[in-house]
Amino acid sequence: MKPPSMEFMPLVNELRGLIEQARQHVAQTANSTLTLLHWKLGARTQGEILQGARASYGEEILPTLSAKLVPEYGKGFSARNLSRMIQFAEAFPDEPVVAALSQHLSWSHFVEILPLKKPLEREFYAEMCRIERWSVRALRERIGSQLYLRTALCKQPEALVDAELARLRAGGQMTPELVFRDPYMLDFLGLADGHSERDLEAAILRDMERFLLEMGAGFTFVARQKRISVGSDDFYLDLLFYHRHLRRLVAVELKLEKFQPAHKGQMELYLRWLDKYDRAAGEESPIGLILCAQADTEQIELLDLGSANIRVAEYLDKIPDMQLLREQLHRSVQRAREQAAQDALPPAAGPDEKGH
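Here goes a summary of the coordinates provided. (Residues numbered from 1 in each chain as written. Predicted model: local features only at pLDDT ≥ 70, side-chain atom pairs only at ≥ 80, totals over all residues. Heavy atoms only, no water.)

Some words on the pattern of salt bridges
The tally for this structure, following the rule as stated, stands at 14 salt bridges. The partner of Glu-112 in a salt bridge is Arg-140, with the nearest N and O atoms 3.2 Å apart. Of the two residues, Glu-112 is situated in helix 6 (residues 107–113) and Arg-140 in helix 8 (residues 136–144); the sequence distance between them amounts to 28 residues. Of the charged contacts in the structure, one is a salt bridge between Glu-253 and Lys-255, with a shortest N-O distance of 3.4 Å. Residue Glu-253 is classed as buried on the basis of its relative accessible area, which comes to 3%. The buried category is assigned to Lys-255, whose relative accessible area is 9%. (Salt bridge = Lys/Arg side-chain N within 4 Å of Asp/Glu carboxyl O. Helix = DSSP H or I, 4+ residues; strand = E, 2+ residues; numbered from the N terminus. Buried < 20%, exposed > 50% of the residue type's maximum accessible area, 1.4 Å probe, protein only.)

Some remarks on a nonpolar patch on the surface
A surface patch of nonpolar side chains, amounting to about 480 Å² of accessible area, comprises Phe-8, Leu-11, Leu-15, Leu-18 and Ile-19. Classification of Leu-15 by relative accessible area gives partly exposed; the value is 44%. (Patch = residues over 30% accessible without salt bridge, like charges linked within 9 Å, V, L, I, M, F, W, Y side chains within 5 Å. Areas by Shrake-Rupley, 256 points an atom, 1.4 Å probe, with all protein chains shown as cover.)

A closer look at the pairing of strand 2 (residues 219–230)
Note: strand 2 against strand 3 (residues 233–243), 10 bridges, orientation antiparallel. Paired with Ile-228 across the strands is Phe-235, a residue of strand 3. Between strand 2 and the antiparallel strand that follows it, strand 3, lie two residues; Gly-231 among them carries a positive phi value of about 60°. (Pairing = 2+ DSSP bridges.)

In structure tokens:
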């Protein structure tokens, strides 16, 4: 016969679940209400400042409001925080968008996002926070590592970036442009100088959790050294993942050297094999990622890797100078957008097509 305490354990566990669920709901509701309050306070104060007749009105109003609100409601309504709320309303002027985001992002999340200068960058981090449920610390780390500038999405024209984020906000699926990055930060692997491809693979497998964090939410590890049998020959794919948002297999090849055109043929073979033998019903075609020590942008453009479902990205095994990295990424984004604009132009007319 069970002891009385054990007999009631299923009921106790069920009650615990109900209590925890209610607590989470209360915390989420409180967070959403507080975040929306901050937005409303900022929007109302901003409107008042804009109506002010004197140039100094904006400078006077915040200390005055703060002096009245802090004694009643606490330091959260200091002049500095009121200024932040105004910035919040300016950066996110659409109340329904803020209401939707506040179901997932806390005021602390928005405080991290607000200093970002570009609207598309702010929207990117807000949407990725919502989808991938980042903590404030995770958000801070991703902003610090220049995640937005490292995405394929950022290299597209701004109109396409805006459309992609709007589609995502409306409930659309993530695309490879949002998922894949360049470069990948693998400094946490602690690789020694002169490491081999096998050392790199072994280090990733030892620290798979952090590798998946760098890859982004949605990745699931499937296999290492996946055997690809073609005729009488066997080939081995370094790493195989599945991405649940993209609903497709992701083949990863590790290369210590600079990217070579021959790597494309190797990856194409793997992708075609996976598409024929491993792709499940309802899945999209597999996609390949070649992680290499260095890549030549012009070679990659000429090879038209995108049409073959292949991505190439560099990996950094040491912590870079972030200012230098930021400058390099800005240049890369600018070049990619200029190239995209050039590709969008109609072809020049030939001699026979020109008017006389």
